[in-house]
Amino acid sequence: MPRKFFNSKWLVIIALALLLFIASGYLLSDDLFFKRLISQNNITTPEEAYAFVDKNTEYPVEGMKLALMSTPRNMLTRQKYLYCDQSAILMATIVNKLGYETRLVDLYGDDGASHHTILEVKQGEGWKTYDTVYKLQGAPYQQSAKIYETGQYYNVRPVHHSYPTFYNWVIQNNFYLKHVALWLRSLPG
């Protein structure tokens, strides 16, 4: 009889601890942060998300030293000077919270290197491009395919990446799991 009481007592304690972990992890999460940000700024469309990112971030000037942040929330609140891939990720995070499907597009040149990243958002039956660096919406890839420093265009080969992934969803939705994941990523390989 005492053994059965002990088992059920521990099950209740474990269940309560798990519930506390999930609830408090979400209350401190980036997901809730972005829901509030969207509500407070009346963002309802990808175009409004684009305008918000454009207004609240900047492309770094040459020679600027940045402490690169690894989550969209930290990119927006702490870093603010974002490279093309970071601003595409930030905008994708906001637009995805609005219910749109998003994907990152790396623009590769003839040299086999990715020179630029933009965002595509599924709107209606098609995908619309958003380039926060060159301030373009709905433009073909070739308009975004120029080297920032020289302004010279290159032949472009787009490579699409789904965003967010399951990993991004996990770290967005639980504060504790985010910090565990970031700690694990910082360990020497």
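By convention here, each chain's residues receive numbers from 1 onward along its written sequence. Local features in this predicted model are restricted to residues of pLDDT 70 or higher, and side-chain atom pairs are both shown and tallied only at a pLDDT of 80 or more, whereas totals for entire chains, interfaces and linings draw on every residue. The basis for every side-chain value is the complete set of heavy atoms in the structure, and neither hydrogens nor water enter the calculation.

**Some remarks on the confidence of the model for the protein chain**
As a per-residue measure, pLDDT reflects the predictor's confidence and takes values from 0 up to 100. Residue-level pLDDT values for the protein chain average 89, and 94% of them are 70 or greater. The way it works is that DSSP assigns letters per residue, a run of H or I at least four long becomes a helix, a run of E at least two long becomes a strand, and they are numbered from the N terminus. Mean pLDDT across the elements of the protein chain bottoms out in helix α1 (residues 2-27) (79) and peaks in helix α3 (residues 46-56) (98).

**Thoughts on unusual backbone geometry**
Put simply, Y163 and P164 share a cis peptide bond, and its omega is 5 degrees. On the secondary structure map, P164 appears in the loop between β5 (157-162) and α7 (166-173). You will see that N42, though not glycine, has its phi angle at about 50 degrees, which is positive. When you line up the elements, N42 lands in the loop between α2 (30-40) and α3. Even without a glycine there, the phi angle at K135 is positive, about 60 degrees. Topologically, K135 is positioned in the loop between β3 (126-131) and β4 (136-137).

**Quick word on the sheet that holds strand β1 (residues 102-108)**
Each strand in a sheet pairs with another by means of backbone hydrogen bonds, the pair being arranged parallel or else antiparallel. Here a strand pair is declared whenever DSSP counts at least two bridges between the two strands. Read across the open sheet, the five strands follow the order β4-β3-β2-β1-β5; overall the sheet is antiparallel. Of all strands in the sheet, those with a lone pairing partner are β4 and β5, marking the two edges. The pairing of β1 with strand β2 (residues 114-123) spans seven bridges and is antiparallel. Within β2, the position partnered with D106 by the bridge is T117. In the packing of α3 onto the sheet, contacts are made with β2, β3 and β4, and the angle to β3 comes to roughly 15 degrees. Two residues qualify as a contact provided that any one of their heavy atoms is within 4.5 Å of a heavy atom in the partner residue. Axes, fitted as lines to C-alpha atoms, cover a helix only where it is in contact. Angles between the N-to-C directions of the axes lie from 0 to 180 degrees. Packing against the sheet, helix α5 (residues 84-97) makes contact with β1, β2 and β3, and its axis sits at approximately 15 degrees to β2.

**A word on α3**
Since one α-helical turn is 3.6 residues long, residues separated by three or four positions face the same way. Throughout this description, buried means an accessible area under 20% of the type-specific maximum (1.4 Å probe, protein chains only), exposed means over 50%, and partly exposed covers the range between. Of the residues making up α3, those classed as buried are P46, A49, Y50, F52 and V53. Each buried residue of α3 sits inside an arc of 160 degrees when the element is viewed along its axis, so together they form one side. Within this analysis, the arc is defined by the directions that extend from the helix axis to the C-beta atoms.

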